[in-house]
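Chains, contacts and geometry: an overview
Here is what each chain is made of, one letter per residue.
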Amino acid sequence: SLFGQLEGDKYILALPEAFREVLPKNALAFRDRTIQTLSPTQIHRLSITRDKTTYDLVAPDTPGKTLHWRMSKPVDAPADDEQATKVALLLGNLHAAELVTDHPADEKTYGFDRPLVTVTWTLHPEASPGPGKDASPTEGTLRIGAKVPGGENRYATIDGTKLVFTVGSEFVEPFLGEFRDHRVLSFVPATVQRIVFRWPGRLLSFVPRSQGPTSLPEWRPEPGVDPTGFDISKINALLEGLSKLQTERFAQYVGILPESFGLTPPRLSIEFQFDGAKPKTLRLGNQSLEGPLYATAETGSAGAVFMVAGPAWVELAKAPKRPDDLPEQVIKPAEKGAKP
């Protein structure tokens, strides 16, 4: 129970437990929780480190322009504009869920020695003030540390200050997202002149029949190809989806394709051939522990690997069945005299 007494009053009051929640927890309880205010278009570079990997994102050269970010590390590639801009907005309008202390005793107490995320931002040179003018520093670093005991909020601090504050999980989540552009395959479906499916032990290839300028092509198997078990009518829908394929996340950006990914050789390889243009290939591999399949659009033994999720991908990776195919699990007949 919680008890209180008004100054100068002889009566003891029994207070509801909820009253404890509105009591100031420390000397900073009534201080403004705004940590910094900054226009996101002033930010020229973001460097985000998590899980021992650093992601460097670079904005346009001129501040104030529409943001089109590019990833420069760990690989040079287009960045996810929405994700990068979301992070810039959060940093530019940084508010604390709660102010903890401005005299921290030990950074280990808050997990700042091994932070979940470290974010450094650098402003455009044009965004810096002239001599004698006050403004925010041209560079800053935010560290997000351990969870607050008994809650989902996390401790945070900006290097160079002594202030420790907390941020909610909704603030942290964007820093854990995928920063590379999610597009992994792109082509115009109407330009595909041949499509080849390769499973271990089976190959199917199709070409389009002549079509009108506004109609979808009708696909037919090439001579000598037996399409039994494969639904040819779904090719157009498949092409439409694959022509603008995106992934939720990458398993790796560079490096040799690990054997455990099941991409060398793949469970399924789909090749799209064009008239006068370089073919494109999608390879599907093993299913990860989380459920999605490993996939790559590389043609060699190294490069980017991404994830594709959903039961349709799992089914597509299986070779279509023919009437004379053996079941996946064949029970060997018991030999005479063998014990059951």
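Residue positions are given per chain, counted from 1 along the sequence in the order it is written. Thresholds applied to this predicted model are a pLDDT of at least 70 for local features of residues and 80 or more for the giving and counting of side-chain atom pairs; totals over whole chains, interfaces and linings are not thresholded and use all residues. The side-chain figures draw on all heavy atoms in the structure; neither hydrogens nor water molecules are used.

Take the overall build of the chain next. Across its full length, the chain holds 5 helices and 21 strands. Burial classes: relative accessible area under 20% of the type maximum marks a residue as buried, over 50% as exposed, and values in between as partly exposed (1.4 Å probe, protein chains only). Here the chain holds 340 residues, and the buried ones make up 40% of them. In the chain, the share of contacts with a sequence separation of at least 24, taken over all contacts with a separation of at least 6, comes to 57%. The method behind every accessible area is Shrake-Rupley, applied with a 1.4 Å probe, and residues are considered shielded solely by the protein chains displayed. Accessible surface, the chain as shown: approximately 20,500 Å² in total, 52% of it carbon and sulfur. Comment: elements are numbered from the N terminus, with helices defined as DSSP H or I runs of at least four residues and strands as E runs of at least two. What makes two residues a contact is simply this: any of their non-hydrogen atoms within 4.5 Å.

All right, on to the layout of surface pockets then. Quantified by volume, the largest pocket comes out at close to 510 Å³. Lining of the largest pocket is provided by 19 residues; of these, K234, L238, A312, E315 and L316 occupy positions nearest its centre. Of all the secondary structure elements, the ones that give two or more residues to the lining of the largest pocket are helix 4 (235-242) and helix 5 (311-316). Per-element tally for the lining of the largest pocket: the top contributor is helix 4, with 5 residues. Using a 1 Å grid laid over the protein atoms alone, points where a 1.4 Å probe fits but cannot get out form a cavity; open sets with protein on both sides within 12 Å along at least 5 of 7 lines form a pocket; any residue with an atom within 4 Å of a point counts as lining. Grid points are joined across faces, edges and corners, and a volume is the space filled by probe spheres set on the points.

It is worth spelling out the nonpolar core at this point. L142, F197, L242, F272, L282 and L284 are the most contacted members of the largest nonpolar core, which has 68 residues in total. Beyond its immediate sequence surroundings of up to four residues, L242 is in contact with L185, F187, I270, F272, L282 and W313. Buried residues of nine kinds, namely Ala, Val, Leu, Ile, Met, Phe, Trp, Tyr and Cys, make up a nonpolar core once their side-chain atoms join them within 4.5 Å. Membership of the second largest hydrophobic core comes to 6 residues, among which are L257, F261, Y294 and M307.

A few words now on the confidence of the model for the chain. In this model, the chain carries a mean pLDDT of 86, and residues with pLDDT of at least 70 account for 81%. Across residues 330-334, where pLDDT falls below 50, the model places 0 contacts with residues more than four positions away in sequence or in other chains. For every residue, the predictor assigns a confidence score, pLDDT, that lies between 0 and 100.

Any two strands with at least two DSSP-identified bridges between them are counted as paired. Taken together, 9 strands build an open sheet; the order of strands is 7-6-5-4-10-11-12-13-9 and the sheet is antiparallel. Looking at the sheet topology across the chains shown, the edges are occupied by strand 7 (77-78) and strand 9 (98-101). Sheet topology note: the strand 11 (residues 139-147)/strand 12 (residues 154-158) ladder contains 4 bridges and is antiparallel. Bridging from a neighbouring strand, L142 pairs with I158 of strand 12.

Quick look at the side chain of T296 now. When you line up the elements, T296 lands in strand 20 (residues 293-296). T296 sits in the buried class, given a relative accessible area of 0%. Polar side-chain contacts of T296 include one of 3.0 Å to the backbone nitrogen of E298. Excluding anything up to four places from it in sequence, T296 contacts L257, L263, T281, L282, R283, A304 and F306. Polar contacts, as counted here, are pairs of nitrogen or oxygen atoms within 3.5 Å of one another; within protein the pair requires one atom able to donate a hydrogen and one able to accept it, and residues that are adjacent in sequence qualify only if both atoms are side-chain atoms.

Relative to strand 6 (residues 70-73), strand 5 (residues 53-58) is paired through 3 bridges, and the arrangement is antiparallel. In the sheet register, V58 faces strand 6, and the bridge partner there is R70. Where strand 6 lies against strand 7, 2 bridges are found, and the strand directions are antiparallel. For R70, the partnering residue across the bridge sits in strand 7 and is P78. Counted between consecutive antiparallel strands, the loop separating strand 6 from strand 7 contains 3 residues.

Before going further, it helps to spend a moment on the packing of aromatic side chains. Any pair of Phe, Tyr and Trp rings, taking the six-membered ring for Trp, is counted once the centres come within 6.5 Å. Such a pair is stacked with planes under 30 degrees apart, edge-to-face with planes over 60 apart, and tilted for the rest. Scanning the model with the defined rule gives 15 aromatic pairs in all. Measuring from ring centre to ring centre gives 5.8 Å for F197 and W199, while their planes differ by 10°; the resulting arrangement is stacked. The exposure class of W199 is buried, given its relative accessible area of 6%. Ring geometry for F206 versus F230: centroids 5.2 Å apart, planes at 25°, classification stacked. Taken together, the positions of F206 in strand 15 (residues 202-208) and F230 in the loop between strand 16 (219-221) and helix 4 put the pair 24 residues apart, joining distant regions of the chain. For the pair F206 and F230, a shared accessibility class is recorded, and that class is buried. Two limits define a charge over a ring: the Lys NZ or Arg CZ must be within 6 Å of the ring centre, and within 35 degrees of the ring normal. It is R180 that lies over the ring of F250; its NZ or CZ is 4.7 Å from the centre.

Turning next to helix 2 (residues 81-92). Here the expected span of a helix is defined as 1.5 Å times the quantity of residues minus one. Compared with an ideal rise of 1.5 Å per residue, which puts 12 residues at 16 Å, helix 2 spans 16 Å between its outermost C-alpha atoms and is within 8% of the ideal. What helix 2 keeps buried is the set Q83, A84, V87, A88, L91 and G92. Contacts from the buried residues of helix 2 go to strand 3 (34-37), strand 4 (43-50), strand 5, strand 8 (93-95), strand 10 (117-123) and strand 11. Capping the start of helix 2 is the job of one residue whose side-chain oxygen sits 3.1 Å from the backbone nitrogen of E82: D80.

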